[in-house]
Amino acid sequence: MSGDKLTLKQKFDRWMIKHGRVLVIGLPYFWLFLFFLVPFLIVLKISFATAEYAQPPYSALFSWIDEGITITLNFGNYLFLLSDSLYATAYLNSIRIAAISTIITLLIGYPMAYGIARASGTVRSVLLMLVILPFWTSFLIRVYAWIGILDREGLINAFLLWTGIITEPLIMRQTEGAVYIGIVYTYLPFMILPLYSTLEKMDVSLIEAALDLGCKPWKAFLKITLPLSMPGILAGSLLVFIPAVGEFVIPELLGGPNTLMIGRTLWNEFFANRDWPIASSVAIAMLVFLVVPIMWFQHIQSKQEEGQS
Amino acid sequence: MSGKRSTFLISALVFGFAFLYVPILLVMIYSFNEGKLVTVWTGFSTKWYVSLFSNDGMIDAAWNSLRIGVMSATLALALGTPAGLVMSRFGRFKGRTLFSGMIAAPLVMPEVITGLSLLLLFVTLEQMIGWPAGRGISTITIAHTTFCAAYVAVVVQSRLSGMDTSVEEAAMDLGAKPAKIFFVITLPMILPALLAGWLLSFTLSLDDLVIASFVAGPGSTTLPMKVFSSVRLGVSPEINALATLIILAVSAMILLSSLLILRSERNRSRASAQAES
């Protein structure tokens, strides 16, 4: 009998072969489930609560009355969001500002990605590195850099006053234009990298063939390059658009008091007004709009992965 | 015609890179300006660096940020590596769509939503099971680990799917256990990706303002929170000095790690060329 007894190590190995796969999947699954998915359900729950002067500052949804559980749902927060035009304005502003910034980023990023993809060996690696480097350096500092440039006492105004082109400083910071500059500037690498990776994989001989057959270059671009780079355009645009809708730092530091964006509204509801339920319903309202682009983004990501392997 | 096209591309690149780099360079140059006014150059000086290092609040916040960054990058690597492995090597399993969604969504999710939702989770958990007791460094670390793990998973996954599986298959055919295959073969091959994933997580954690602001408690002010509260009031020469130090450190780190990765890839291709001949 003793010969059949397994050593601890053998037992462990058998157990690992049987359950190892579950363990490897389970650990990150559990973590992301608990710290990424469950929180949204709690936000949804608290968006139906009422604000109270308590710790934490919201009412309980479930209560025991007469040995039965009572659920008190309060739709007031959502009705309030609909009734106060401030929220609708912030909501629409965010979508508009994010959409326009995405288009500008695409217009600047596309030729850059194209140029990098067509560059030769070493030049290409250096250029690619130059795109990645700002992506790693602090986001906050890159936004901050524009304060010094666009401010009333900033570099552009100082220069223009010195040359005598203007006599009064221009107001450039605290405008919507400054928010566009900030978003385009900080998100540009997110646009260039996916564009580059689709353009780099493209078969150049297709274009050469089209040109040999007498196709005009712009037509070859529209008929071949543009459709083939569509996955990159979509991935890059969603990588810019989705976070830009909820952007807080850029409108706060570069935008004016009138530049209402939904991320800023959420922040103020939470930190300044301490109204957690309203902040939660603002978050849910934002998510409802973003769910489709986020799922689209995930779809593109998984399709690209399948194409690679 | 092609001459015209390449002129257009070159000017697009020049304009684009100028746009990306001039603002950063201006911050670096003006960090050495002697005057308090940021726009008027009054002379070269390093006094803002001196005053930065004697700012105790700033130093404490920097320590907090570094501790959180190292811890969450390490945890994110431990969680993101199996996640990337699962995505590229495990084929279909129940709940795969949800899993891939939970990896893709944190990359684009607006930070205000992630921050608020995590805070509400921590508050609810504290009410229900008494953990986490209060908020501080540990809650910020958990929050950062979560979104950094998604980045690590993507980096590892894309490295693995671009990799040849023949060595792993040969080891499997020879009867090696899956865990052994992973640690002896897969892990050394994806080491550059792991290094990149760790560094990316570390810098993302070091840089995060919004999520940390939601889940921070008293006494856990991080560097971005400190910078943000001072930048709100306008440009400050001390922040210019800090920005310069951060940019230089990050650039040095990136250059060094990409040199290391380049060298290891060159060695590998040389080794495989020798094996073939």
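Overview of the structure. (Residues numbered from 1 in each chain as written. Chains lettered and ligands numbered in written order. Predicted model: local features only at pLDDT ≥ 70, side-chain atom pairs only at ≥ 80, totals over all residues. Heavy atoms only, no water.)

## Thoughts on the interface of chain B and chain A
Quick reminder of the rule: Residue contacts follow a heavy-atom distance rule, with two residues in contact if any of their heavy atoms lie within 4.5 Å. The buried area of a pairing is the accessible area, by a 1.4 Å probe, that goes missing from both parts when the two are put together, added over both. A side-chain nitrogen of Lys or Arg and a carboxyl oxygen of Asp or Glu constitute a salt bridge if their distance falls within 4 Å. Within 3.5 Å is the distance limit for a polar contact, defined as a pair of N or O atoms, with the added protein rule that one can donate a hydrogen and the other accept it, and that residues adjacent in sequence qualify only through two side-chain atoms. What counts as a helix is a DSSP run of H or I of at least four residues, what counts as a strand is a run of E of at least two, and both are numbered from the N terminus. Here the term charged refers only to Asp, Glu, Lys and Arg, the term nonpolar to Ala, Val, Leu, Ile, Met, Phe, Trp, Tyr, Cys and Pro, and the term polar to all other amino acids, Gly among them.
Contacts between the two partners involve 90 residues from chain B, matched on the other side by 88 residues from chain A. In total, chain B and chain A occlude about 8,300 Å² of area from one another, counting both sides; carbon and sulfur atoms represent 81% of this. Three residues, F19, M102 and V108 of chain B, lead the burial of chain B against chain A; their summed loss comes to 8% of the area buried on that side. Linking chain B with chain A are 1 salt bridge, by the criterion used here. Note that E252 of chain A is salt-bridged to R232 of chain B, the shortest N-O span being 2.8 Å. At the boundary of chain B and chain A, one finds 12 residue pairs in polar contact (both at pLDDT 80 or more). With 16 residues, the single largest contributor to the side of chain B that touches chain A is helix α1 (residues 2-30) of chain B. Its residues placed into classes, the side of chain B that touches chain A shows 63 nonpolar, 22 polar and 5 charged.

## Some points on the environment of A285 of chain A
Residue and element names in this part refer to chain A. With respect to the helices and strands, the residue A285 is situated in helix α13 (residues 276-308). Measuring from C-alpha to C-alpha, the distance between A285 and I181 comes to 26 Å, with 104 residues separating the pair along the chain. Apart from the residues lying within four places of it in its own chain, the contact partners of A285 are L81 and Y91.

## Remarks on the nonpolar core
Threshold: Residues belong to one nonpolar core when they are buried, are Ala, Val, Leu, Ile, Met, Phe, Trp, Tyr or Cys, and are joined through side-chain atoms within 4.5 Å. The classification of residues rests on relative accessible area computed with a 1.4 Å probe and restricted to protein chains. Under 20% of the type maximum is buried, over 50% is exposed, and intermediate values are partly exposed. An automatic or database domain assignment supplies the residue ranges for each domain.
Counting 174 residues, the largest nonpolar core has I116 and L266 of chain A together with F17, F99 and F214 of chain B as its most contacted members. Domain assignment of the residues forming this core places at least three in each of domain 1 (42-76 + 282-309) and domain 2 (89-274) of chain A.

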